[in-house]
Every structure is written in C-alpha cells, then in structure tokens.
Amino acid sequence: MAEMTRWGENVYRDEAPAWQEYPRPQMQREDWQCLNGMWDYAVSGRETETMPEAEGKIRVPFCIESVLSGVERPLQPEEKLWYRRTFSQEWEGSRILLHFGAVDWQARVFVNGTKVTEHCGGYTPFSADITDTLQPGDNELVVAVTDPTDAKGQPRGKQSLDPQVIFYTAVSGIWQTVWLESVPENYIKNIRLTPDFDEKCLLWHIDADAPAGAHVTVRAAGEVIAAGRADENGDGVSVVPAECFHPWLPEDPYLYDVEITLGDDRVTSYFGMRKFSTVEHKGRRVLALNNEPYFQTGLLDQGYWSDGLYTPPSDVAMIYDIETAKRMGFNMLRKHIKIEPLRWYYHCDRLGMLVWQDMVSCFERFHPLTMQVLPFAGIRLKDAPSAKFGRAGQAGRGQYEADLAATVELLRNCVSLALWVPFNEGWGQFDALRITEKLRALDPTRPVDHASGWHDQGGGDLRSYHIYYRPVRLKNDGRRVLALTEFGGYSLPLPGHYTTDRRFGYRTYKSADAWMDALERLYTCEVLPQIAAQGLSAAVYTQLSDVEDEVNGLLTFDRRVCKADAARMLEINRKLRF
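What this report covers is the structure whose coordinates are included nearby.

Quick notes on the rules
- Residues numbered from 1 in each chain as written.
- Predicted model: local features only at pLDDT ≥ 70, side-chain atom pairs only at ≥ 80, totals over all residues.
- Heavy atoms only, no water.
- Helix = DSSP H or I, 4+ residues; strand = E, 2+ residues; numbered from the N terminus.
- Rg over C-alpha atoms; globule rule 2.2 N^0.38 Å.
- Contact = heavy atoms within 4.5 Å.
- Areas by Shrake-Rupley, 256 points an atom, 1.4 Å probe, with all protein chains shown as cover.
- Lys, Arg positive; Asp, Glu negative; His and termini not counted.
- Charge placed at Lys NZ, Arg CZ, Asp CG, Glu CD.
- 1 Å grid on protein atoms, 1.4 Å probe; cavity = no way out; pocket = protein on both sides within 12 Å on 5 of 7 lines; lining within 4 Å.
- Points joined across faces, edges and corners; volume = space filled by probe spheres on them.
- Buried < 20%, exposed > 50% of the residue type's maximum accessible area, 1.4 Å probe, protein only.
- Salt bridge = Lys/Arg side-chain N within 4 Å of Asp/Glu carboxyl O.
- Phe/Tyr/Trp six-rings, centres within 6.5 Å; stacked < 30°, edge-to-face > 60°.
- Lys NZ or Arg CZ within 6 Å of the ring centre and 35° of its normal.
- Pairing = 2+ DSSP bridges.
- Axes fitted to C-alpha atoms, helices over the stretch in contact; angles between N-to-C directions.
- Parallel < 35°, antiparallel > 145°, perpendicular 65-115°, else oblique.
- Left-handed = near helix turned anticlockwise from the far one by under 90°.
- Nonpolar A, V, L, I, M, F, W, Y, C, P; charged D, E, K, R; others polar.
- Patch = residues over 30% accessible without salt bridge, like charges linked within 9 Å, V, L, I, M, F, W, Y side chains within 5 Å.

**Looking at the overall build of the protein**
When its secondary structure is counted, the protein shows eight helices and 33 strands. Taking 2.2 N^0.38 as the reference for a compact globule, 578 residues should give roughly 25 Å; the C-alpha atoms of the protein span a radius of gyration of 24 Å, in line with that estimate. Expressed along its principal axes, the backbone C-alpha trace of the protein runs to roughly 70 × 60 × 45 Å. The long-range share in the protein, meaning contacts at least 24 apart out of those at least 6 apart in sequence, stands at 67%. Accessible surface, the protein as shown: approximately 21100 Å² in total, 49% of it carbon and sulfur. In the protein, 64 side chains carry a positive charge and 81 a negative one; their mean positions are 7 Å apart.

Put into structure tokens, the structure is as follows:
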C-alpha cells in the first residue's frame, strides 16, 4: 500500500465525504450541492453499454488507482469504469447544472437513464443542464469512463500504464469534485477579469444568453470602490481609484473582491492588480512584475500525491505544499504537465505564489534519440509534425490545440499565473512557433516559454535551458529572457517514505547534511553567478516532492518530511535577486 500522508489518513478513516469546499473560487455561487463521497462502482468490458452490478464502493473524487479511492486498481484500455449514486435536490423554479471538475479521460453521463453529456479530456471541467431529466425524490446519476492512457496519443501528462523513472501511475475516472448548482433561466456562464495595471482598471466580460445589464461591484477591504453595468455584449470597465490602487506581489498578495449580478443570479470572484511582462535591465531582457525586474526562483511541481495521486488528500494538504515552498523562499511553482483543481490556483493567488503553467502535452511514443540523446549532445531539431517528436497523428495534434484553448479559458482569471509553457523537452512538440502565436492571441497578457528545455525554435519570450548531470553554464542570446527552467534533481532517499522499490535521481547522496551542502553549492557556485554574468532571470529546481521512483524532492512523497533545511534554503533564495 502506498505511504499515506497525514491528511490522507484522516480521509481514509472517515467515511464522510472528502473535498467539501466549493471547487471554483474564481466564480462562486451560494446555491450548490457537493456530490463527493462514496459511490457504487464497477468495471466492465469497453463495449458494455449499461452499468453491471456494483463491485463495491469508490470514494469520489479520488481516481480508481489511488489508495484513497478505496479500490486501488489500474483501469486498462479495454475496460470501462462505471460510477453510480443517487441524489435529491429541493430547488424549485430554477435550472439545475451538474458540474465535473475533471474526469480522465472520456466520460458519458446519465441522469435517470438519459444521457446528459459526453466529454473527452482528462484535465478540463464540463457541465450539463439536467433540469429536464430530474424527478421528485431520488435521482440516479451514472458515469461511464474509458481511459486508454498511453495506449493512444491523448494528452496525459506523466501518466503511464507502465510507470517507471520519470513517468508515474496512471489516473482514471473522476479525480476532481462533482457538484450541482441552482441557476435562473438567464445565468452567468463564465466571466473574464483582466486587470490593466498601467491604466489602473479592470476589464471584464460576462458570458450569458442575455448579459446586458449585468452589474459588477468591486470592493477593497469590504468597501465598494467601483461599480458598473455590462453592455449588450457583456463587456465593461471598472476604474480603480488612485487611493485604492494596491499592486499584487508574492510578498504582498492583495486581492480585490468582485460581485456580479444578472437578474436573480449572483456570483462572487476576485482579482489582483499585477502585470507580467519582460523589460530591459542592465542590457539584458528579464522577467518583470508590475513593470519592475523580478527574479523568479521556483520549483518543478508534478502535483502527485502518495495516497491520492492526481487528487490532493485535502484542501489543507494543497496549502501545505504552497506554504512550505514560500517558507523556503521560493516565489514560483512550475506546474509540470498537469492542471490542478481551481482551488490550488486560488491558494497561490491569496498566498502569493507565482505559477508557470505547462500545457498537458504528450506523445504517441517516447523517442529516446529525439527526447534525450540529441538534446544532451546539444543538437536541436526543427519541430514540424513528425513521428520523431511523437506527433505524427493529426487527431492528437487537434486534441492538443483544443485542450490548449480550453486551458487558457479555464485559468485566465488566475492572478498568480505568470507564464505559459506549451511544450516540454520535445514531448509531442510540433509547430512551436505557430502554437506560441496562437497562445498569444488567446492570452496576450502573459509571457510564453515556447519550448522548455530542448529543441528551441528561436521564438517565445524565453531562452530556456534544462541542465542535469553537468555544470550550469548558460549563454544569453541577446534577444530573449534567459531562464534555467529545470536543474538539480539531487536525490536523498529516505527509508520508510518510498512507494516503489526503484530509486531515481540525477545525483544521489547518503546523508541529509551532504545533500544540503551540495544543494547550497549548486545554487551559490553555479546558479547565482549566472545572474550577473548572463542576466539569468529565473531558476526552477527539480523538484518540490519525491514522486514514486523519483527521490529528488525537497519533500518526501508522503509530505511527512521536509528534507531541506528550510532556513538555509531561505537564505539561498534571498540571494537570487537582480
């Protein structure tokens, strides 16, 4: 059995539903009902069309492979996972929406025997208006899921049916919150909140069937500072008075509250006044926050947990990761080829942690020559769609571009999200220059690292390096921001905190003192000098926590031990400044 986190132990002992917090702080309603908890489950052949007799109970929203699901078994490509539960609701005279935070990978949803929606994609939310299928009293909800994982070319992050080294246990089925919401006939479907730091205002857009007249109220510390009504397109602007203008920074994560009403519908949200860009500094182009040079020191964050896999055991557990990174002096987390529940981004917003967001791209087949050997030899290839990058199939490329657009729409309101990463190390990379321009068109407010690490195409805002096994030596190209986007990976195995029999890292140490000394030397002697010498603007250490075979985290996989000396790490990070 996987090692439990201390939060997971509480979940496993208690049959009360987990994850009862409202799942979408960026657009929150009062009238909602959480459907997390113990559901019936069964596994059948892929072609089965109706749910067979239940095999037992599964704890939603934990994937079937996780120990916290109560099942802990893999789902094979030829199998179908079924969920069933009943629910009742007492709202009258309103529309009822059924929401899923994320289901991996293809889901079909039935209410009282009627299919209400179907969705492909393991990382983005979807919903359905189920009003017309409801009946008085109990209603039956059934979800059928298939998940090929790496048997096909779907975006899957680091999931694998054969997990080893830097690829991890697959995640299948429901892995984020399921909930109901009551809305009027004309309701707010989505909102866009775009702070304009230079003009000291908030641009907003309300998506509804009839958005005209939607009322937006902005508050600072509980006091109304701006209000306005949407035009027929749902657009409007709220000017922040000069005396209320308070920039958002990791050191001072100030948030304004927003209330939006449209007839009988009401949602609440928030925003921060910040600007992400690049500027000239001492003859180099560097990352900037609010028009000032700002060094970003971060950690690679895989978002895996020993007991919940993709799903953190609790909201408090997510907060622990972010606060621990801040306590060690880091101001940024690179969310690596995964999208988190929206509450994670909310905590980064309110606690003050910058986020670099990777797109979830993967490949039809891993090609060691292209994705490992050639980059280490300094050879970078042009990235036209091809089998050597694992992107020969048009279907996989189309799915990636659709997911990219959906990801931007999902996360654009997140205050802390500072940079997009469309491709990592050539994994499924294709047309990175074109994809970058598409990404800029979708969101012109954030820089882009177009090809993180390897197979640089000369575009984007960053000259991005991944360096392992050899000394950190960088060269500024004179045009783009210089960034060390992965490095280190020093390993300190701690017995009693493993989940596999294998150990992987880029350099292994036997004692905590030797490991911490080496880590300090790496930063002090190799990374720090690059700031003055080459204009280094960001550094992303590998990584926040151990994950399965990988034992190169600053935390153990079960989050029970912080291997790093937090005080020493804080002093190291304090030196990483322009």
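**Regarding the layout of surface pockets**
When its volume is computed, the largest pocket comes out at roughly 720 Å³. If you trace the largest pocket, you find 37 residues lining it, with Arg-24, Pro-125, Asn-190, Leu-342 and Leu-410 closest to the centre. Of all the secondary-structure elements, those providing two or more residues to the lining of the largest pocket are β5 (95-100), β9 (126-129), β15 (190-196), α3 (342-351) and α5 (394-411). By volume, the second largest pocket amounts to about 390 Å³. Leu-193, Thr-194, Pro-195, Asp-443 and Thr-445 are the residues nearest the centre of the second largest pocket, which is lined by 22 residues in total. The set of elements that each furnish at least two residues to the lining of the second largest pocket consists of β15, β16 (201-207) and β22 (276-281).

**A closer look at α3**
Structural remark: α-helix, 3.6 residues per turn; residues separated by three or four positions point the same way. Here α3 lies mainly inside the structure; eight of its ten residues are buried. Taken together, the buried positions of α3 are occupied by Leu-342, Arg-343, Trp-344, Tyr-345, His-347, Cys-348, Asp-349 and Leu-351. On the buried face of α3, the contacting elements are β21 (265-271), β25 (296-301), α2 (315-327), β26 (332-335), β27 (354-358) and α5. At the exit of α3 stands Gly-352, carrying a positive phi of roughly 90 degrees.

**What to know about the pattern of salt bridges**
A side chain of one charge can pair with a side chain of the opposite charge when the charged atoms of the two come close. Following the criterion strictly, the structure yields 40 salt bridges and no others. For Arg-568, the salt bridge identified is with Glu-520, shortest N-O distance 2.4 Å. Linking Arg-568 in helix α8 (residues 566-575) with Glu-520 in helix α7 (residues 512-534), this pair joins segments that are 48 residues apart in sequence. Judged by relative accessible area, which is 25%, Glu-520 ranks as partly exposed.

**A short note on the packing of aromatic side chains**
This structure, assessed with the given rule, holds 32 aromatic pairs. Ring centres 4.9 Å apart and planes at 10 degrees place the aromatic pair Phe-100 and Phe-126 in the stacked group. With Phe-100 in strand β5 and Phe-126 in strand β9, this residue pair connects regions lying 26 residues apart in the sequence. Exposure class is identical for Phe-100 and Phe-126. Each is buried. An angle of 75 degrees between the planes, with centres 6.3 Å apart, marks the rings of Tyr-123 and Trp-175 as edge-to-face. On the criterion of sequence distance, the pair formed by Tyr-123 in the loop between β8 (114-120) and β9 and Trp-175 in the loop between β13 (173-174) and β14 (178-183) is long-range, its members being 52 residues apart. Here Tyr-123 and Trp-175 have matching classes, each one buried. Through successive ring pairs, a cluster of aromatic residues spans Tyr-123, Tyr-168, Trp-175, Tyr-304 and Tyr-310. Its end group placed over the ring of Phe-363, Arg-156 keeps NZ or CZ at 5.1 Å from the ring centre. Here the basic side chain of Arg-559 rests over the ring of Trp-305, its NZ or CZ set 3.7 Å away from the ring centre.

**Quick notes on the sheet that holds strand β28 (residues 417-421)**
Read from one edge of the open sheet, seven strands run β28-β27-β26-β25-β33-β30-β29, paired in parallel fashion. With partners counted over all chains shown, the strands left at the sheet margins are β28 and β29 (462-467), one partner each. On average, each strand axis in the sheet is tilted by 20 degrees relative to the strand beside it, whichever way the strands run. Summarising the sheet, β25 and strand β33 (residues 536-542) pair through four bridges and their orientation is parallel. The residue of β33 that forms the bridge with Leu-299 is Tyr-541. Contacts between α3 and the sheet are confined to β25, β26 and β27, with β27 contributing the most and set at about 150 degrees to the helix.

**Thoughts on the sheet that holds strand β1 (residues 32-34)**
Spatially, the four strands line up as an open sheet ordered β1-β14-β5-β9, and their pairing is antiparallel. Of all the strands in the sheet, just β1 and β9 have a single pairing partner and so form its edges. Across this sheet, the average inter-strand angle for adjacent strands is 20 degrees, counted without regard to direction. As judged from the four bridges shared by β5 and β9, these two strands associate in the antiparallel manner. In the sheet register, Leu-97 faces β9, and the bridge partner there is Asp-129.

**Concerning the packing of α5 against helix α6 (residues 432-442)**
Closest axis-to-axis distance for the α5/α6 pair is 10 Å, and the angle between their directions is 30 degrees. Comparing the axis directions of α5 and α6 gives the class roughly parallel. Handedness of the α5/α6 crossing: right-handed. Residues Tyr-400, Glu-401, Leu-404, Ala-405 and Val-408 of α5 lie in contact with α6, whose contacting residues are Arg-434, Ile-435, Lys-438, Leu-439 and Leu-442. Residue composition of the contact of α5 with α6, by class: seven nonpolar, no polar and three charged.

**Some words on a nonpolar patch on the surface**
Side chains of Leu-203, Val-237 and Val-239 sit close together on the surface and give an oily, nonpolar patch of about 260 Å² of accessible area. Residue position: Val-237 is located in strand β19 (residues 235-239).

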